[in-house]
Amino acid sequence: MTPAPVSELLLEYQGYVLAYRLRAAVGGRVAPPGEQLALSGYAARRLERQELARTLIRAGLAPGRMADLDRLSDELMFGFWLNPSEVAAFLRAAIRQGSHPALGDPDAFAALLTPGEQGRLGRAGVRLVCAHHLTCLTLAAPMLDPDALAGVWKRVEATTPPLFIDALFVDEGASDI
């Protein structure tokens, strides 16, 4: 199995950070438990999750280990942005508790980014990031319509953001959240 390029892994972490911020902003039942993981903590938990998944595929998991895999997936918000069922579950829970402007308003979503991230991206980049992530939230709607889902995937892929979160640019003096 070929390892993922570093940029893919960093984009995965970046997705985790933005999902964490969005879930924290929405609050209530969708608020993430615990503190946001630093890149090194995320990487350690990601490796642990990957090993559990490999074990499941190779030999099956001992009782209780599937719960560990699920817990790690939830903590890492693994697949949060690109898994239609995860998006649907999140949106249902968020709407039940009153929703949040960042779930549909690009300006409210942009407020989840730090000033350093917004500066690194510039106006066009911020618009791209907001378009990408708000489009990902639309993955929940067409789950039963393959043609609509294919259209949403094309929009998601057309708006893939660059690397920009502060935690990946610590040597620039950006502060952690």
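From a predicted model like this one, the values you see are computed outputs, not experimental measurements.

Asks: Tell me about the layout of surface pockets, residues and numbers included.
Replies: Of the volumes computed, that of the largest pocket is approximately 430 Å³. Along the walls of the largest pocket sit 21 residues, with Leu 11, Glu 12, Gly 15, Trp 81 and Leu 82 positioned nearest its centre. Mapped onto the lining of the largest pocket, the elements with two or more residues apiece are helix H1 (6-26), helix H6 (115-137) and helix H7 (146-158). The element best represented in the lining of the largest pocket is H1, accounting for six residues. Split into classes, the residues belonging to the lining of the largest pocket amount to twelve nonpolar, six polar and three charged. Forming the boundary of the second largest pocket are 16 residues, of which Ala 4, Leu 9, Arg 46, Leu 47 and Gln 50 lie nearest the centre. For the lining of the second largest pocket, the secondary-structure elements that each account for two or more residues are H1 and helix H2 (39-59).

Asks: Describe in detail the packing of H2 against helix H3 (residues 65-76), supporting the description with residues and values.
Replies: Each pair of packed helices can be summarised by the angle the axes make with each other and by the distance between the axes. Interhelical geometry of H2 versus H3 gives an angle of 145° and a closest axis separation of 10 Å. Where H2 crosses over H3, the handedness of that crossing is left-handed. Between H2, through Tyr 42, Arg 45, Arg 46, Glu 48, Arg 49, Leu 52, Ala 53 and Leu 56, and H3, the contact on the second element is made entirely by Arg 65, Met 66, Asp 68, Leu 69, Arg 71, Leu 72, Ser 73, Glu 75 and Leu 76.

Asks: Describe helix H4 (residues 84-96), naming the residues involved and giving the relevant values.
Replies: With 13 residues, H4 ought to run about 18 Å at 1.5 Å a step, and its terminal C-alpha atoms sit 18 Å apart, in line with that. Within the span of H4, buried status applies to Pro 84, Val 87, Ala 88, Phe 90, Leu 91, Ala 93 and Ala 94. Looking at the residues trailing H4, positive phi occurs at Gly 98, about 110°.

Asks: Lay out the environment of Ala 140 with the relevant residues and their values.
Replies: Mapped onto the fold, Ala 140 is located in the loop between H6 and H7. In this structure Ala 140 comes out as buried when scored by relative accessible area, which is 17%. Residue contacts for Ala 140: discarding those within four places in its chain leaves Pro 84, Val 87, Ala 88 and Leu 91.

Asks: Explain the side chain of Thr 159 to me, using residue names and the numbers behind them.
Replies: Mapping Thr 159 onto the fold places it in the segment after H7. Given a relative accessible area of 13%, Thr 159 falls into the buried group. Separated by 3.1 Å, the side chains of Thr 159 and His 132 make a polar contact. Within the local environment of Thr 159, its side chain forms a polar contact with the backbone oxygen of Arg 155, the two atoms lying 3.1 Å apart.

Asks: Give a detailed account of the packing of aromatic side chains, specifying residues and quantitative values.
Replies: This structure, assessed with the given rule, holds seven aromatic pairs. Both rings, one in Tyr 16 and one in Tyr 42, keep their centres 5.0 Å apart while their planes meet at 40°; by these two values the pair is tilted. Here Tyr 16, found in helix H1, pairs with Tyr 42, found in helix H2; they are 26 residues apart in sequence, far enough to count as distant. Grouped by ring-pair contacts, the aromatic residues Tyr 13, Tyr 16, Tyr 20 and Tyr 42 constitute a single cluster. Directly above the aromatic system of Phe 78 lies the positively charged group of Arg 49, at a separation of 3.7 Å from the ring centroid.

Quick notes on the rules
Along each chain, the written sequence defines residue order, and numbers are assigned to residues from 1. Side-chain atom pairs in this predicted model are given and counted only at pLDDT of 80 or more, local residue features only at pLDDT of at least 70, and totals for whole chains, interfaces and linings cover all residues. No hydrogens and no water enter the side-chain calculation; it runs on all heavy atoms of the structure. A 1.4 Å probe that fits but cannot get out identifies a cavity on a 1 Å grid over protein atoms alone, an open set with protein on both sides within 12 Å along at least five of seven lines counts as a pocket, and a residue lines either if it has an atom within 4 Å of a point. Grid points are joined across faces, edges and corners, and a volume is the space filled by probe spheres set on the points. Helix and strand assignments come from DSSP, with helices taken as H or I runs of at least 4 residues and strands as E runs of at least 2, each series counted from the N terminus. Gly falls in the polar group here, along with every residue not listed as nonpolar (Ala, Val, Leu, Ile, Met, Phe, Trp, Tyr, Cys, Pro) or charged (Asp, Glu, Lys, Arg). Comment: axis = line fitted to C-alpha atoms, over the contacting stretch for helices; angle = value between 0 and 180 degrees taken between N-to-C directions. If you view the pair so one helix is near and one far, a crossing is left-handed when the near helix is turned anticlockwise from the far one by less than a right angle, and right-handed when it is turned clockwise. The contact definition used throughout considers only heavy atoms, calling two residues in contact when any of these lie within 4.5 Å. Under the convention used throughout, the expected extent of a helix is 1.5 Å for every residue step, that is, one less than its residue count. We call a residue buried when its accessible area falls under 20% of the maximum for its residue type, exposed when it is over 50%, and partly exposed in between, using a 1.4 Å probe and counting protein chains only. Two N or O atoms count as a polar contact when they lie within 3.5 Å, although within protein this holds only if one can serve as hydrogen donor and the other as acceptor, and sequence-adjacent residues are included solely when both atoms are side-chain atoms. Pairing of aromatic rings covers Phe, Tyr and Trp, the last counted by its six-membered ring, and requires centre-to-centre distances within 6.5 Å; plane angles under 30 degrees mean stacked, over 60 mean edge-to-face, and any other angle means tilted. Here, a charge over a ring means that NZ of Lys or CZ of Arg falls within 6 Å of the ring centre while also lying within 35 degrees of the ring normal.

The values reported here are purely geometric and, on their own, carry no functional implication.
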